[in-house]
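Close look at the chain arrangement
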Amino acid sequence: MKRFKVVSALVCAVLVLTVSVFAGGKGEAAPAGKEKVIWAAYGYLDEGKADIIKADFEAKYPQYEVEYVDLGSTDYLVRLDTALAAGERYDMCLSMSSSDYVPRAKEGLYVPIEKYLTDAGYDLEDAFGTGIRASYIDKKLYGLPYTKGGFYVFYNKDMFDAAGIPYPTNDWTWAEFEQIAKKLTKNGVYGANVHLTWGYDIETLPAKMAGWTPFANGDVYKANMTDQRLKDALEMWYRMQKVDKSAIQLSTFKTEKIGSRMPFSKGQAAMLLSNWWSATWMMNAKFGSADGQNLMNFRIGVVNIPRPSAKVPNNLNSTELDWYFAVPTTAKNPKGGALLAMFMITEVWPKLGTLSSYRHEDLNVFMKKFVTYKAKDGTLHTMTAYDADFVKTVMGGWTQPITAYYKTDARANPEGLAQASEIYGQERELYYNGEQDIEKTIASMQKRLQAELDAQKKAKK
(Lines give C-alpha, C1' and ligand atoms only; values in the text may rest on other atoms or scores of the structure.)
Protein backbone atom coordinates (compact mmCIF):
# COMPACT_ATOMS: atom_id res chain seq x y z
CA MET A 1 0.00 0.00 0.00
CA LYS A 2 2.40 2.66 -1.22
CA ARG A 3 -0.10 4.96 -2.83
CA PHE A 4 -0.59 7.32 0.13
CA LYS A 5 3.12 7.90 0.56
CA VAL A 6 3.31 8.84 -3.11
CA VAL A 7 0.17 10.95 -2.97
CA SER A 8 1.35 12.75 0.14
CA ALA A 9 4.65 13.65 -1.52
CA LEU A 10 2.92 15.04 -4.58
CA VAL A 11 0.18 16.97 -2.88
CA CYS A 12 2.55 18.46 -0.35
CA ALA A 13 4.33 20.15 -3.23
CA VAL A 14 1.21 21.14 -5.13
CA LEU A 15 -1.15 22.13 -2.32
CA VAL A 16 1.12 23.58 0.33
CA LEU A 17 -0.59 26.96 0.08
CA THR A 18 -4.00 25.35 0.26
CA VAL A 19 -3.09 23.53 3.45
CA SER A 20 -2.05 26.76 5.12
CA VAL A 21 -5.51 28.10 4.40
CA PHE A 22 -7.63 25.12 5.41
CA ALA A 23 -5.63 23.24 8.04
CA GLY A 24 -6.45 23.47 11.71
CA GLY A 25 -4.30 24.05 14.73
CA LYS A 26 -3.78 27.72 13.98
CA GLY A 27 -6.54 29.10 16.18
CA GLU A 28 -6.17 30.59 19.63
CA ALA A 29 -4.96 28.40 22.46
CA ALA A 30 -7.56 26.85 24.74
CA PRO A 31 -8.39 28.80 27.91
CA ALA A 32 -6.40 27.97 31.03
CA GLY A 33 -7.42 24.64 32.49
CA LYS A 34 -8.90 23.36 29.22
CA GLU A 35 -7.50 21.09 26.51
CA LYS A 36 -8.20 21.84 22.87
CA VAL A 37 -9.68 19.20 20.54
CA ILE A 38 -9.23 20.08 16.87
CA TRP A 39 -11.60 18.22 14.57
CA ALA A 40 -11.44 18.16 10.74
CA ALA A 41 -14.26 17.21 8.38
CA TYR A 42 -16.65 18.92 6.00
CA GLY A 43 -20.35 19.74 5.90
CA TYR A 44 -20.89 20.53 9.57
CA LEU A 45 -21.26 24.28 9.14
CA ASP A 46 -24.70 23.68 7.62
CA GLU A 47 -27.55 24.21 10.12
CA GLY A 48 -24.97 25.10 12.75
CA LYS A 49 -24.19 21.41 13.31
CA ALA A 50 -20.61 22.06 14.37
CA ASP A 51 -21.79 24.54 16.98
CA ILE A 52 -24.31 22.03 18.35
CA ILE A 53 -21.66 19.32 18.60
CA LYS A 54 -19.18 21.72 20.22
CA ALA A 55 -21.68 22.96 22.82
CA ASP A 56 -22.98 19.52 23.76
CA PHE A 57 -19.52 17.95 23.99
CA GLU A 58 -18.08 20.77 26.07
CA ALA A 59 -21.10 20.58 28.38
CA LYS A 60 -20.38 16.90 29.07
CA TYR A 61 -16.59 17.27 29.05
CA PRO A 62 -15.89 20.77 30.43
CA GLN A 63 -12.16 20.09 30.40
CA TYR A 64 -12.16 20.31 26.59
CA GLU A 65 -12.64 23.08 24.03
CA VAL A 66 -13.54 21.99 20.50
CA GLU A 67 -12.33 23.69 17.32
CA TYR A 68 -13.91 22.58 14.05
CA VAL A 69 -12.02 22.94 10.76
CA ASP A 70 -14.02 22.53 7.55
CA LEU A 71 -11.75 21.31 4.74
CA GLY A 72 -14.52 21.46 2.13
CA SER A 73 -16.04 18.52 0.27
CA THR A 74 -14.00 19.04 -2.93
CA ASP A 75 -10.82 16.96 -2.70
CA TYR A 76 -11.42 16.51 1.03
CA LEU A 77 -9.18 13.46 1.38
CA VAL A 78 -6.42 15.09 -0.66
CA ARG A 79 -6.52 18.09 1.65
CA LEU A 80 -6.55 15.88 4.72
CA ASP A 81 -3.65 13.71 3.51
CA THR A 82 -1.68 16.83 2.62
CA ALA A 83 -2.23 18.39 6.03
CA LEU A 84 -1.28 15.23 7.90
CA ALA A 85 1.82 14.72 5.75
CA ALA A 86 2.83 18.29 6.60
CA GLY A 87 2.43 17.55 10.31
CA GLU A 88 -0.66 19.68 10.84
CA ARG A 89 -2.45 18.95 14.08
CA TYR A 90 -5.84 17.28 14.05
CA ASP A 91 -7.11 15.40 17.08
CA MET A 92 -9.95 13.78 15.17
CA CYS A 93 -10.97 13.63 11.52
CA LEU A 94 -13.53 12.27 9.13
CA SER A 95 -11.88 9.33 7.36
CA MET A 96 -14.71 8.51 4.92
CA SER A 97 -15.54 4.89 3.98
CA SER A 98 -13.80 1.68 5.01
CA SER A 99 -11.88 1.63 1.72
CA ASP A 100 -10.42 5.02 2.72
CA TYR A 101 -10.00 4.29 6.44
CA VAL A 102 -8.18 0.97 6.15
CA PRO A 103 -5.24 1.93 3.93
CA ARG A 104 -4.65 5.15 5.84
CA ALA A 105 -4.56 3.25 9.11
CA LYS A 106 -2.15 0.75 7.54
CA GLU A 107 0.03 3.63 6.33
CA GLY A 108 0.36 4.88 9.90
CA LEU A 109 -1.76 8.02 9.51
CA TYR A 110 -3.97 7.08 12.49
CA VAL A 111 -3.35 5.92 16.06
CA PRO A 112 -5.12 3.12 18.00
CA ILE A 113 -7.99 4.48 20.10
CA GLU A 114 -9.59 1.53 21.91
CA LYS A 115 -7.84 2.21 25.23
CA TYR A 116 -9.17 5.77 25.43
CA LEU A 117 -12.71 4.51 24.97
CA THR A 118 -12.63 1.52 27.28
CA ASP A 119 -10.91 3.60 29.98
CA ALA A 120 -13.84 6.00 29.70
CA GLY A 121 -16.25 3.13 30.39
CA TYR A 122 -17.48 2.34 26.89
CA ASP A 123 -18.31 -1.26 25.95
CA LEU A 124 -17.66 -1.25 22.22
CA GLU A 125 -19.53 -4.45 21.38
CA ASP A 126 -22.54 -3.29 23.38
CA ALA A 127 -22.45 0.01 21.51
CA PHE A 128 -21.87 -1.33 18.00
CA GLY A 129 -22.52 -5.06 18.14
CA THR A 130 -20.09 -7.67 16.90
CA GLY A 131 -19.87 -5.77 13.61
CA ILE A 132 -17.26 -3.51 15.22
CA ARG A 133 -14.77 -6.38 14.91
CA ALA A 134 -14.46 -5.70 11.17
CA SER A 135 -13.02 -2.27 12.01
CA TYR A 136 -9.95 -3.72 13.70
CA ILE A 137 -6.72 -3.82 11.70
CA ASP A 138 -4.04 -6.19 12.98
CA LYS A 139 -6.04 -6.42 16.22
CA LYS A 140 -6.03 -2.64 16.73
CA LEU A 141 -8.93 -0.19 16.43
CA TYR A 142 -7.95 3.01 14.62
CA GLY A 143 -11.40 4.46 13.98
CA LEU A 144 -15.10 4.28 14.76
CA PRO A 145 -17.74 3.54 12.08
CA TYR A 146 -20.44 6.15 12.48
CA THR A 147 -23.30 4.86 10.34
CA LYS A 148 -24.90 1.63 9.14
CA GLY A 149 -24.78 2.52 5.51
CA GLY A 150 -27.58 1.24 3.32
CA PHE A 151 -28.35 1.88 -0.36
CA TYR A 152 -31.76 2.59 -1.84
CA VAL A 153 -33.44 3.65 -5.06
CA PHE A 154 -35.22 7.00 -4.78
CA TYR A 155 -37.73 7.59 -7.57
CA ASN A 156 -39.78 10.40 -9.07
CA LYS A 157 -43.43 9.36 -8.74
CA ASP A 158 -44.57 11.98 -11.24
CA MET A 159 -42.35 10.52 -13.96
CA PHE A 160 -43.48 6.98 -13.21
CA ASP A 161 -47.13 8.08 -13.40
CA ALA A 162 -46.61 9.94 -16.67
CA ALA A 163 -45.01 6.85 -18.21
CA GLY A 164 -47.71 4.55 -16.85
CA ILE A 165 -45.14 2.48 -14.96
CA PRO A 166 -46.09 1.02 -11.55
CA TYR A 167 -43.94 2.09 -8.62
CA PRO A 168 -41.20 -0.44 -7.85
CA THR A 169 -41.51 -2.70 -4.82
CA ASN A 170 -38.88 -4.50 -2.76
CA ASP A 171 -39.51 -7.57 -4.89
CA TRP A 172 -38.02 -6.06 -8.03
CA THR A 173 -34.82 -7.33 -9.67
CA TRP A 174 -31.78 -5.70 -11.25
CA ALA A 175 -33.07 -6.75 -14.67
CA GLU A 176 -36.30 -4.86 -13.97
CA PHE A 177 -34.35 -1.85 -12.72
CA GLU A 178 -32.42 -1.77 -15.98
CA GLN A 179 -35.56 -2.11 -18.12
CA ILE A 180 -37.49 0.54 -16.17
CA ALA A 181 -34.56 2.94 -16.52
CA LYS A 182 -34.59 2.34 -20.27
CA LYS A 183 -38.35 3.05 -20.51
CA LEU A 184 -38.05 6.25 -18.49
CA THR A 185 -35.21 7.63 -20.62
CA LYS A 186 -36.70 10.19 -23.00
CA ASN A 187 -36.95 13.89 -23.74
CA GLY A 188 -33.54 14.61 -22.27
CA VAL A 189 -34.32 12.81 -18.99
CA TYR A 190 -32.23 9.87 -17.82
CA GLY A 191 -33.92 6.83 -16.39
CA ALA A 192 -31.28 6.47 -13.69
CA ASN A 193 -28.91 8.71 -11.79
CA VAL A 194 -26.37 6.23 -10.39
CA HIS A 195 -23.52 7.16 -8.04
CA LEU A 196 -20.89 5.87 -10.48
CA THR A 197 -18.34 8.27 -9.01
CA TRP A 198 -18.39 6.08 -5.90
CA GLY A 199 -17.08 3.15 -7.90
CA TYR A 200 -16.68 -0.14 -6.07
CA ASP A 201 -19.05 0.48 -3.16
CA ILE A 202 -22.10 1.04 -5.33
CA GLU A 203 -21.28 -0.67 -8.62
CA THR A 204 -20.61 -4.06 -7.01
CA LEU A 205 -24.00 -4.13 -5.28
CA PRO A 206 -25.64 -6.41 -7.90
CA ALA A 207 -22.78 -8.89 -7.50
CA LYS A 208 -22.76 -8.67 -3.71
CA MET A 209 -26.53 -9.23 -3.63
CA ALA A 210 -25.85 -12.51 -5.45
CA GLY A 211 -23.24 -13.55 -2.88
CA TRP A 212 -20.05 -12.35 -4.57
CA THR A 213 -17.01 -11.12 -2.63
CA PRO A 214 -13.58 -10.15 -4.02
CA PHE A 215 -12.13 -13.23 -2.35
CA ALA A 216 -12.76 -16.73 -3.73
CA ASN A 217 -14.23 -19.48 -1.57
CA GLY A 218 -13.65 -17.63 1.66
CA ASP A 219 -9.90 -17.47 1.09
CA VAL A 220 -8.90 -13.85 1.72
CA TYR A 221 -5.68 -14.34 -0.23
CA LYS A 222 -7.36 -15.65 -3.39
CA ALA A 223 -8.77 -13.09 -5.84
CA ASN A 224 -12.26 -13.49 -7.29
CA MET A 225 -12.49 -10.71 -9.87
CA THR A 226 -13.31 -12.92 -12.88
CA ASP A 227 -16.47 -14.23 -11.20
CA GLN A 228 -19.50 -14.17 -13.52
CA ARG A 229 -21.54 -12.21 -10.98
CA LEU A 230 -19.11 -9.30 -11.08
CA LYS A 231 -18.87 -9.51 -14.85
CA ASP A 232 -22.68 -9.34 -15.14
CA ALA A 233 -22.78 -6.22 -12.99
CA LEU A 234 -20.09 -4.49 -15.02
CA GLU A 235 -21.83 -5.30 -18.28
CA MET A 236 -25.11 -3.93 -16.94
CA TRP A 237 -23.53 -0.60 -15.99
CA TYR A 238 -21.86 -0.48 -19.40
CA ARG A 239 -25.15 -1.09 -21.22
CA MET A 240 -26.95 1.58 -19.21
CA GLN A 241 -24.24 4.16 -19.95
CA LYS A 242 -23.25 3.31 -23.51
CA VAL A 243 -26.03 1.31 -25.17
CA ASP A 244 -29.37 2.38 -23.67
CA LYS A 245 -27.95 5.69 -22.46
CA SER A 246 -30.33 5.41 -19.54
CA ALA A 247 -27.66 6.29 -16.94
CA ILE A 248 -25.37 9.30 -16.82
CA GLN A 249 -21.89 8.26 -17.90
CA LEU A 250 -19.03 8.26 -15.41
CA SER A 251 -17.00 10.39 -17.81
CA THR A 252 -19.81 12.96 -17.91
CA PHE A 253 -19.93 13.18 -14.14
CA LYS A 254 -16.20 13.83 -14.10
CA THR A 255 -15.73 16.18 -17.05
CA GLU A 256 -18.79 18.30 -16.25
CA LYS A 257 -18.21 18.07 -12.48
CA ILE A 258 -21.82 17.12 -11.87
CA GLY A 259 -22.92 16.70 -8.27
CA SER A 260 -23.69 13.02 -7.86
CA ARG A 261 -27.29 13.53 -6.68
CA MET A 262 -28.06 16.74 -8.53
CA PRO A 263 -29.58 15.38 -11.79
CA PHE A 264 -32.29 13.50 -9.90
CA SER A 265 -32.95 16.47 -7.61
CA LYS A 266 -33.42 18.74 -10.63
CA GLY A 267 -35.84 16.36 -12.32
CA GLN A 268 -33.26 15.36 -14.94
CA ALA A 269 -33.35 11.68 -13.95
CA ALA A 270 -36.26 9.48 -12.88
CA MET A 271 -34.40 7.34 -10.34
CA LEU A 272 -31.45 7.80 -8.01
CA LEU A 273 -29.41 4.83 -6.79
CA SER A 274 -27.53 6.10 -3.77
CA ASN A 275 -27.14 5.78 -0.01
CA TRP A 276 -29.58 6.67 2.78
CA TRP A 277 -27.87 10.04 3.33
CA SER A 278 -29.21 11.18 -0.02
CA ALA A 279 -32.55 11.88 1.64
CA THR A 280 -30.87 14.29 4.05
CA TRP A 281 -28.75 15.79 1.27
CA MET A 282 -31.81 16.47 -0.88
CA MET A 283 -33.63 18.18 1.99
CA ASN A 284 -30.58 20.30 2.82
CA ALA A 285 -30.19 21.26 -0.84
CA LYS A 286 -33.89 22.11 -1.11
CA PHE A 287 -33.95 24.46 1.87
CA GLY A 288 -30.33 25.45 2.32
CA SER A 289 -28.95 26.21 -1.15
CA ALA A 290 -29.34 29.16 -3.49
CA ASP A 291 -30.82 26.87 -6.13
CA GLY A 292 -33.22 25.22 -3.72
CA GLN A 293 -36.39 26.48 -5.41
CA ASN A 294 -35.47 24.45 -8.49
CA LEU A 295 -34.90 21.21 -6.58
CA MET A 296 -37.16 18.38 -5.46
CA ASN A 297 -40.29 19.79 -7.09
CA PHE A 298 -41.93 16.39 -7.45
CA ARG A 299 -43.38 13.56 -5.39
CA ILE A 300 -40.72 11.15 -4.22
CA GLY A 301 -40.70 7.48 -3.28
CA VAL A 302 -38.01 5.12 -2.05
CA VAL A 303 -37.52 1.37 -2.33
CA ASN A 304 -34.88 -1.18 -1.45
CA ILE A 305 -32.13 -1.91 -3.96
CA PRO A 306 -33.14 -4.62 -6.45
CA ARG A 307 -32.32 -8.27 -5.89
CA PRO A 308 -30.67 -10.63 -8.41
CA SER A 309 -33.67 -12.97 -8.59
CA ALA A 310 -36.76 -14.11 -6.73
CA LYS A 311 -34.61 -16.70 -4.98
CA VAL A 312 -32.94 -13.99 -2.92
CA PRO A 313 -34.78 -12.30 0.01
CA ASN A 314 -36.16 -8.85 -0.77
CA ASN A 315 -34.69 -7.22 2.33
CA LEU A 316 -30.97 -7.64 1.65
CA ASN A 317 -28.91 -4.47 1.80
CA SER A 318 -25.37 -3.29 2.39
CA THR A 319 -26.07 -2.19 5.96
CA GLU A 320 -22.76 -3.11 7.55
CA LEU A 321 -21.08 -0.58 9.81
CA ASP A 322 -19.10 1.91 7.75
CA TRP A 323 -17.84 5.51 7.35
CA TYR A 324 -15.28 6.42 9.94
CA PHE A 325 -13.94 8.95 12.38
CA ALA A 326 -10.27 8.46 13.26
CA VAL A 327 -7.52 10.05 15.33
CA PRO A 328 -4.48 11.12 13.27
CA THR A 329 -0.91 10.56 14.36
CA THR A 330 -0.48 14.34 14.40
CA ALA A 331 -2.96 14.62 17.28
CA LYS A 332 -1.81 16.35 20.45
CA ASN A 333 -4.96 15.29 22.29
CA PRO A 334 -5.77 11.77 21.01
CA LYS A 335 -7.93 10.96 24.02
CA GLY A 336 -10.08 14.05 23.48
CA GLY A 337 -10.35 13.22 19.78
CA ALA A 338 -11.47 9.65 20.48
CA LEU A 339 -14.04 10.79 23.03
CA LEU A 340 -15.40 13.42 20.62
CA ALA A 341 -15.90 10.78 17.92
CA MET A 342 -17.68 8.43 20.32
CA PHE A 343 -19.81 11.26 21.72
CA MET A 344 -20.98 12.34 18.28
CA ILE A 345 -21.98 8.82 17.30
CA THR A 346 -23.72 7.87 20.54
CA GLU A 347 -25.30 11.13 21.70
CA VAL A 348 -25.51 13.77 18.96
CA TRP A 349 -26.46 11.88 15.81
CA PRO A 350 -30.23 11.62 16.54
CA LYS A 351 -30.42 15.40 17.13
CA LEU A 352 -28.78 15.97 13.73
CA GLY A 353 -30.96 13.47 11.88
CA THR A 354 -28.04 11.13 11.20
CA LEU A 355 -28.59 7.37 11.12
CA SER A 356 -26.07 6.09 13.64
CA SER A 357 -24.07 2.90 13.92
CA TYR A 358 -24.88 3.04 17.64
CA ARG A 359 -27.24 0.21 18.54
CA HIS A 360 -29.14 2.26 21.12
CA GLU A 361 -29.84 5.38 19.04
CA ASP A 362 -33.04 7.22 20.01
CA LEU A 363 -34.96 6.63 16.79
CA ASN A 364 -37.88 8.86 17.80
CA VAL A 365 -35.54 11.84 18.04
CA PHE A 366 -33.90 10.81 14.77
CA MET A 367 -37.20 10.56 12.88
CA LYS A 368 -38.33 14.01 14.03
CA LYS A 369 -35.10 15.71 12.96
CA PHE A 370 -34.73 13.71 9.78
CA VAL A 371 -37.59 15.58 8.07
CA THR A 372 -36.79 19.10 9.29
CA TYR A 373 -34.24 21.70 8.27
CA LYS A 374 -33.36 24.89 10.13
CA ALA A 375 -32.31 27.71 7.80
CA LYS A 376 -29.71 30.35 8.66
CA ASP A 377 -32.45 32.85 9.44
CA GLY A 378 -33.97 30.44 11.95
CA THR A 379 -36.87 29.33 9.76
CA LEU A 380 -37.75 25.69 10.34
CA HIS A 381 -38.68 23.81 7.16
CA THR A 382 -40.35 20.42 7.01
CA MET A 383 -39.80 18.02 4.11
CA THR A 384 -43.43 17.03 3.70
CA ALA A 385 -42.50 14.81 0.76
CA TYR A 386 -40.96 12.39 3.26
CA ASP A 387 -43.88 10.52 4.81
CA ALA A 388 -43.62 7.96 7.63
CA ASP A 389 -43.17 5.02 5.26
CA PHE A 390 -40.39 6.86 3.42
CA VAL A 391 -38.51 7.52 6.67
CA LYS A 392 -38.91 3.96 7.96
CA THR A 393 -37.60 2.57 4.68
CA VAL A 394 -34.52 4.76 4.73
CA MET A 395 -33.83 3.95 8.39
CA GLY A 396 -33.12 0.41 7.22
CA GLY A 397 -34.00 -1.43 10.42
CA TRP A 398 -36.06 -3.90 8.40
CA THR A 399 -33.12 -4.87 6.18
CA GLN A 400 -30.73 -7.81 6.49
CA PRO A 401 -27.01 -7.26 5.86
CA ILE A 402 -25.83 -9.03 2.73
CA THR A 403 -22.85 -10.45 4.60
CA ALA A 404 -25.08 -11.92 7.31
CA TYR A 405 -27.31 -13.67 4.78
CA TYR A 406 -24.44 -15.21 2.83
CA LYS A 407 -22.27 -15.66 5.94
CA THR A 408 -19.39 -13.88 4.26
CA ASP A 409 -17.12 -11.14 5.49
CA ALA A 410 -15.09 -9.41 2.81
CA ARG A 411 -13.64 -7.20 5.52
CA ALA A 412 -11.91 -10.18 7.09
CA ASN A 413 -9.02 -8.82 5.02
CA PRO A 414 -9.61 -5.04 5.11
CA GLU A 415 -6.32 -4.27 3.37
CA GLY A 416 -7.16 -6.68 0.56
CA LEU A 417 -10.62 -5.13 0.27
CA ALA A 418 -9.11 -1.67 -0.08
CA GLN A 419 -6.82 -2.99 -2.82
CA ALA A 420 -9.76 -4.63 -4.61
CA SER A 421 -11.68 -1.34 -4.48
CA GLU A 422 -8.78 0.67 -5.91
CA ILE A 423 -8.02 -1.81 -8.68
CA TYR A 424 -11.70 -2.14 -9.59
CA GLY A 425 -12.08 1.63 -9.87
CA GLN A 426 -9.13 1.99 -12.21
CA GLU A 427 -9.88 -0.93 -14.51
CA ARG A 428 -13.61 -0.43 -14.81
CA GLU A 429 -13.07 3.18 -15.90
CA LEU A 430 -10.92 1.95 -18.79
CA TYR A 431 -13.76 -0.40 -19.73
CA TYR A 432 -16.42 2.30 -19.58
CA ASN A 433 -14.26 4.61 -21.69
CA GLY A 434 -13.84 1.96 -24.39
CA GLU A 435 -10.11 1.51 -23.78
CA GLN A 436 -10.44 -2.22 -23.07
CA ASP A 437 -13.16 -4.87 -23.36
CA ILE A 438 -14.85 -6.70 -20.52
CA GLU A 439 -12.63 -9.77 -20.74
CA LYS A 440 -9.43 -7.76 -20.50
CA THR A 441 -10.96 -5.70 -17.69
CA ILE A 442 -11.79 -8.56 -15.37
CA ALA A 443 -8.58 -10.42 -16.28
CA SER A 444 -6.53 -7.38 -15.36
CA MET A 445 -8.47 -6.94 -12.12
CA GLN A 446 -7.81 -10.56 -11.26
CA LYS A 447 -4.10 -10.45 -12.06
CA ARG A 448 -3.45 -7.21 -10.21
CA LEU A 449 -5.44 -8.13 -7.10
CA GLN A 450 -3.89 -11.59 -6.90
CA ALA A 451 -0.41 -10.06 -7.06
CA GLU A 452 -1.30 -7.74 -4.19
CA LEU A 453 -2.79 -10.57 -2.12
CA ASP A 454 0.25 -12.78 -2.77
CA ALA A 455 2.54 -10.00 -1.56
CA GLN A 456 0.34 -9.42 1.46
CA LYS A 457 0.36 -13.11 2.37
CA LYS A 458 4.11 -13.32 1.94
CA ALA A 459 4.64 -10.29 4.18
CA LYS A 460 2.65 -11.90 6.98
CA LYS A 461 4.86 -14.99 7.10
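Going by the structure above, here's the rest.
Report on the accompanying structure. As the structure is a prediction and not an experimental result, all values here were calculated from the model.

So, how was this worked out
- Residues numbered from 1 in each chain as written.
- Predicted model: local features only at pLDDT ≥ 70, side-chain atom pairs only at ≥ 80, totals over all residues.
- Heavy atoms only, no water.
- Helix = DSSP H or I, 4+ residues; strand = E, 2+ residues; numbered from the N terminus.
- Rg over C-alpha atoms; globule rule 2.2 N^0.38 Å.
- Buried < 20%, exposed > 50% of the residue type's maximum accessible area, 1.4 Å probe, protein only.
- Contact = heavy atoms within 4.5 Å.
- Areas by Shrake-Rupley, 256 points an atom, 1.4 Å probe, with all protein chains shown as cover.
- Lys, Arg positive; Asp, Glu negative; His and termini not counted.
- Charge placed at Lys NZ, Arg CZ, Asp CG, Glu CD.
- Pairing = 2+ DSSP bridges.
- Axes fitted to C-alpha atoms, helices over the stretch in contact; angles between N-to-C directions.
- Core = buried A, V, L, I, M, F, W, Y, C linked by side-chain atoms within 4.5 Å.
- Polar contact = N/O pair within 3.5 Å; in protein donor to acceptor, adjacent residues only side chain to side chain.
- Salt bridge = Lys/Arg side-chain N within 4 Å of Asp/Glu carboxyl O.

Things to note about the overall build of the chain
Regarding its fold elements, the chain presents 21 helices and 15 strands. Its C-alpha atoms give the chain a radius of gyration of 22 Å, within 12% of the compact-globule value 23 Å for 461 residues. A principal-axis box enclosing the C-alpha atoms of the chain has dimensions of 65 × 60 × 45 Å. Each of the 461 residues in the chain was classed as buried or not, and the buried ones make up 56%. For the chain, restricting intrachain contacts to residue pairs at least 6 apart in sequence, the fraction spanning at least 24 positions comes to 77%. When the accessible surface of the chain is summed, it comes to about 19,700 Å², and 51% of that surface belongs to carbon and sulfur atoms. Distance between charge centres in the chain, computed from 56 positive and 54 negative side chains, equals 2 Å.

Some words on the sheet that holds strand S10 (residues 300-304)
Within a sheet, adjacent strands bond to each other through the backbone by hydrogen bonds, running parallel or antiparallel. Strand order in the open sheet formed by four strands is S8-S9-S7-S10, with mixed pairing between adjacent strands. On the outer flanks of this sheet lie strand S8 (190-194) and S10, each paired with one strand and no other. Across the sheet, the mean angle separating the axes of adjacent strands is 20° when strand polarity is ignored. Relative to S10, strand S7 (residues 151-156) runs antiparallel, the two sharing five bridges.

Details of the nonpolar core
Counting residues in hydrophobic clusters, the biggest one holds 61 residues, and the most contacted among them are Trp 39, Tyr 44, Tyr 110 and Phe 325. Looking at this core element by element, the count peaks at 11 residues for helix H16 (residues 334-352). The next biggest cluster of nonpolar side chains, apart from the first, holds 53 residues, and it includes Phe 151, Phe 215, Ile 305 and Tyr 432.

Here's the deal with the pairing of strand S9 (residues 269-275)
Among the seven residues in S9, seven count as buried, and that is most of the element. Relative to S9, S7 runs antiparallel, the two being bridged by five bridges. Bridging from a neighbouring strand, Tyr 155 pairs with Met 271 of S9. Bridge analysis of S8 against S9 gives four bridges, and the strand direction is parallel. Among the inter-strand pairings, Val 194 is bridged to a residue of S9, identified as Leu 273.

Section: helix H18 (residues 388-395)
Turning to H18, its buried residues are Phe 390, Val 391, Thr 393, Val 394 and Met 395. Looking at where H18 begins, the residue whose side-chain oxygen comes 3.3 Å from the main-chain nitrogen of Asp 389 is Asp 387. Downstream of H18 by a residue or two, Gly 396 has a phi angle that is positive, lying close to 75°.

Quick word on the pattern of salt bridges
Close approach of charged atoms allows side chains of opposite charge to pair. On inspection of all chains with the given rule, the structure shows 23 salt bridges. The partner of Lys 254 in a salt bridge is Glu 429, with the nearest N and O atoms 2.9 Å apart. Linking Lys 254 in helix H13 (residues 250-255) with Glu 429 in helix H20 (residues 414-432), this pair joins segments that are 175 residues apart in sequence. Its relative accessible area of 23% is what places Glu 429 among the partly exposed residues. Among the charged side chains, a network of salt bridges with common partners joins Lys 106, Asp 138, Glu 415 and Lys 460.

Read these as layout, nothing more, since geometry by itself doesn't imply function.
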